Amino acid sequence: APINRCLGLVLLRAWLASLALLIPFAAMADSSAGERVIERGQIDDDYYAAGGVVDLDAVVDGDMIIAGGELLFGRRVMGDVIAAGGTLKIRGVVDDDVRIAGGELDVDARIGDELVASGGSIVLAATTTVGGDALLVGGEVRIAGTISGNLKVIGGEIRLSGTVLGDVELEGGEIQILDSARIGGDLKYRSPQPAVSETSVQISGQIDYEAG
């Protein structure tokens, strides 16, 4: 548990530091700030926003960097997404990478490349697709979507029910790998109790379990 918290804090601080460095450049792009920020339609540039609530249902022709208490965004971002907040709900399409941190992370989107997330709870819906690798650090992590690359998860409670085309590495206090899970590569995991038998889940590679 201490390792989980430390890694989560490191990721969160790194993203917040990146956010602080990039905000001064917001004058060069579209930006908004306030208690409630609402954007619709088309944004023909990078987009920066901060607020108590940030509600974005627009097409962003660039990167998006946002911070706030409650973050809601959908439609399409043609670049990267960097976001930190209390609650994040990601919908729609992100063409490149997603890096997010927060209390509750709810992802139901198509992500073109990598996903990096740190949060109290992280949920990847069944309709979520990740085109690259995924690194998830959280208290409770649930993965029901499809990840085209490798998956690494560190968490208190981990539940995998989706598809990973690459290798899977898990470390948690409680790990559940459901019968619906599909793993195209190797499975390496560490937990107090075994999470899978060799016949209950479709795993193309090797299984390496370490008690701890």
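Owing to the predicted nature of the structure, the values given are computational and were not obtained by experimental measurement.

Section: the overall build of the protein
Right, on to step 1. Tallying secondary structure elements over the protein gives one helix and 16 strands in all.
Right, on to step 2. In the structure as shown, the protein presents an accessible area of about 9700 Å², 50% of it carried by carbon and sulfur atoms.

Quick word on unusual backbone geometry
Right, on to step 1. Non-glycine residue Arg 75 carries a positive phi angle of around 60°.
Right, on to step 2. Along the chain, Arg 75 falls in strand E3 (residues 64-77).

Observations concerning the nonpolar core
Right, on to step 1. Ile 100, Leu 115, Leu 136, Ile 143 and Leu 151 are the most contacted members of the largest nonpolar core, which has 51 residues in total.
Right, on to step 2. Not counting chain neighbours up to four residues away, the residues in contact with Leu 115 comprise Val 98, Ile 100, Leu 124, Val 130, Asp 133, Ala 134, Leu 135 and Leu 136.

Describing the side chain of Ser 161
Right, on to step 1. Mapping Ser 161 onto the fold places it in the loop between strand E10 (151-160) and strand E11 (163-164).
Right, on to step 2. Its relative accessible area of 19% is what places Ser 161 among the buried residues.
Right, on to step 3. Beyond its immediate stretch of four places on either side in the chain, Ser 161 contacts Ile 143, Ala 144, Leu 178, Ser 180 and Ala 181.

Re the side chain of Thr 128
Right, on to step 1. Among the structural elements, Thr 128 can be located in the loop between strand E6 (115-124) and strand E7 (129-130).
Right, on to step 2. When its relative accessible area of 1% is taken as the criterion, Thr 128 is described as buried.
Right, on to step 3. Side-chain polar atoms of Thr 128 contact the backbone nitrogen of Ala 109, separated by 3.4 Å.
Right, on to step 4. Beyond its immediate chain neighbours, meaning those up to four positions away, Thr 128 contacts Val 107, Asp 108, Ala 109, Gly 145 and Thr 146.

Topic: a negative patch on the surface
Right, on to step 1. Negative charge collects at one region of the surface, where Asp 167, Glu 169, Asp 186 and Asp 208 lie side by side.
Right, on to step 2. Here Asp 208 falls in the partly exposed class, since its relative accessible area comes to 42%.

Focus on the environment of Gly 68
Right, on to step 1. Here Gly 68 shows up in strand E3.
Right, on to step 2. Linking Gly 68 and Arg 36, residues 32 residues apart in sequence, is a C-alpha distance of 9.5 Å.
Right, on to step 3. In contact with Gly 68, not counting residues within four places along its chain, are Gly 51, Gly 52, Ala 84, Gly 85 and Gly 86.

About the criteria used
- Residues numbered from 1 in each chain as written.
- Predicted model: local features only at pLDDT ≥ 70, side-chain atom pairs only at ≥ 80, totals over all residues.
- Heavy atoms only, no water.
- Helix = DSSP H or I, 4+ residues; strand = E, 2+ residues; numbered from the N terminus.
- Areas by Shrake-Rupley, 256 points an atom, 1.4 Å probe, with all protein chains shown as cover.
- Core = buried A, V, L, I, M, F, W, Y, C linked by side-chain atoms within 4.5 Å.
- Buried < 20%, exposed > 50% of the residue type's maximum accessible area, 1.4 Å probe, protein only.
- Contact = heavy atoms within 4.5 Å.
- Polar contact = N/O pair within 3.5 Å; in protein donor to acceptor, adjacent residues only side chain to side chain.
- Patch = residues over 30% accessible without salt bridge, like charges linked within 9 Å, V, L, I, M, F, W, Y side chains within 5 Å.
- Salt bridge = Lys/Arg side-chain N within 4 Å of Asp/Glu carboxyl O.
- Lys, Arg positive; Asp, Glu negative; His and termini not counted.
- Charge placed at Lys NZ, Arg CZ, Asp CG, Glu CD.

By themselves, these figures tell us nothing about what the structure is for.
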